[in-house]
Structures are given as C-alpha cells and as structure tokens.
Amino acid sequence: MTSTRAKARKSDMTQSDAPGRGRVLVVEDEADLQELLQYNLARDGFSVSTAGRGELALQSVAQDPPDLVLLDLMLPGMDGLEVCRSLKSDPATASIPVVMLTAKGEEADVVVGLEMGADDYITKPFSPRVLIARIKAVLRRPAGNDAANPDGDQPAIRVGRLRISPARHEVHVDDKPVDLTATEFRILHLMARRVGRVFTRQQILDALHEGFAAVTDRSVDVQIVALRRKLGDAGSYIRTVRGVGYRVNEEE
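Residues numbered from 1 in each chain as written. Predicted model: local features only at pLDDT ≥ 70, side-chain atom pairs only at ≥ 80, totals over all residues. Heavy atoms only, no water.

A. Seen up close, the sheet that holds strand 8 (residues 162–165). The strand order across the open sheet built from four strands is 7-8-9-10, with neighbouring strands paired in antiparallel fashion. A single partner strand is all that each edge strand has here, and the edge strands are strand 7 (157–159) and strand 10 (176–178). Strand-to-strand twist in this sheet, taken as the mean axis angle between neighbours without regard to direction, amounts to 25 degrees. With three bridges joining them, strand 7 and strand 8 adopt antiparallel strand pairing. Paired with Ile157 across the two strands is Ile164, which belongs to strand 8. Along the sheet, helix 8 (residues 182–192) makes contact with strand 7, strand 8 and strand 9 (170–173), crossing strand 8 at roughly 110 degrees. (Pairing = 2+ DSSP bridges. Helix = DSSP H or I, 4+ residues; strand = E, 2+ residues; numbered from the N terminus. Axes fitted to C-alpha atoms, helices over the stretch in contact; angles between N-to-C directions. Contact = heavy atoms within 4.5 Å.)

B. Highlighting the pairing of strand 12 (residues 238–241). When strand 12 meets strand 13 (residues 245–248), the two strands line up antiparallel, connected through four bridges. Looking at the pairing, Thr240 lines up with Tyr246 of strand 13. Between the antiparallel neighbours strand 12 and strand 13 lie three residues, among them Gly243 with a positive phi of about 80 degrees.

C. Summary view of the nonpolar core. The biggest cluster of nonpolar side chains holds 27 residues, and the ones touching the most others in it are Leu162, Val171, Leu188, Met191, Ile204, Leu231 and Ile238. Listed by contribution, the elements that provide at least two residues to this core are strand 7, strand 8, strand 9, helix 8, helix 9 (201–209), helix 10 (218–231) and strand 13. Looking at which element gives the most residues to this core, the answer is helix 8, with six residues. If we skip the residues at most four places from it in the chain, Leu231 touches Leu162, Val171, Val173, Val178, Leu188 and Ile238. (Core = buried A, V, L, I, M, F, W, Y, C linked by side-chain atoms within 4.5 Å. Buried < 20%, exposed > 50% of the residue type's maximum accessible area, 1.4 Å probe, protein only.)

See the structure below:
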C-alpha cells in the first residue's frame, strides 16, 4: 500500500480545480500538511496548486501565476525566504500576495520575510478556519497605492523628520526614501494620522486584516521591529506603551 507521503513524492506539483474564489499555490514539502491545506482551501471554493520544492514553486508561478502563494519557509533545496525574494524582486510576480507559513517562532526569520515583501505570516500549528480567513483578507486588499491608502488621495503627513505620502505610497526620512512593505506602510500611516494616540495591538490587527484576528498579536510586534529598523534613527518616533500597544510621537 502506497503511503500518503510516497504519493506526494511521486508528483511534486499537483493541481485541483475548484473554480470560485481564485487560485492558491501551496508550497509545502510535508505531504500530510500539503494535503490538509489543499483539502480545506478546495472545500472553501479555491482552486489549489501545490509544489513540494521552492524551485518547482517558481516554475509553477512562471507557467500559471496564482492569485496568492501560501509559502512554507522550511523547504528542501531553495527555502521559502529565497522563493519569496525571487518572487518579490521580479516585476512580473512582485504583485502576487505571499503568505508565509512557518513553524519557526524566531522573530528574525519572520522579519526577513516581511522585509522582502511578504503580505502576512501564520505560525504552525494553526486553525484552518483562521488561515482561510487571513488568506481571504489578503486577497481582498486592493492592489497598488489603494492598499496602503484606502481613504483615497490625501496630503502628505509630516512627523518630525518623517514625511509620509499616502497617495504615492512613499515614506521619506530627511528627504531620503525608505522602502516599506504595504503592511509596514499601513501601520505607520495609521499611527501617524493620530500622533500621540495609543493603538492597541488588536486595533492595528483590525486595520490590517479587516477584523480577522491573528493567531497571535506578536505579528504586530514583528512588523514594528521591521518598521523601526528600516526607519533608522527615526524609528524612535514609534514608542512602545507597555501593556497596551504603540504610538507615534512628534519627538524622537
């Protein structure tokens, strides 16, 4: 009798057609988890493609670009971070949303992925219902500037040495551009519009994920770490309010 894992090894790239919500490419080398993800996504109306290796995932995207990539970080050969870097550095695939799926709880690994442009991450173990809700939330985000500026054209916001331009999706520190992901931009824009106001982690999550709670609010902390790092010295404008959340102050 052939095991589930043996079946998965026999074909590292598969596809199940279930037209409806769009197509998700699941990049996961663990056969049982790949099967679980494929089953739950297909049951919810997604068309699902799978790949068990990073190189095959890039090949699949090149041949038939999906609407979203669900990407495990721990893969044989080319790991998930390399796959994400390749996708986000290529103009032809940079706009495809990437949701990282990882058993790694280390902050540094998640920060690297988010800095490469990943749209969200989910830590194993996870609830299939929460994972699907998060995928839907990412897919509902408008593309381009609207994702970072849902309220339409707005004037630039100045906070000390920071200049935030919502309509252009740009951030400058001392007139030098800072490259932020869409999620990082939305967090900074959210808080900079109300200087001095404290935002709880849940309020930030609600703004980012349209009301779908994350598996853990540590995702906000990870985004803040990445944001501060990119802003350099100006990252000190973002203050931690212990036990509550974060706020942007006018002074460093």
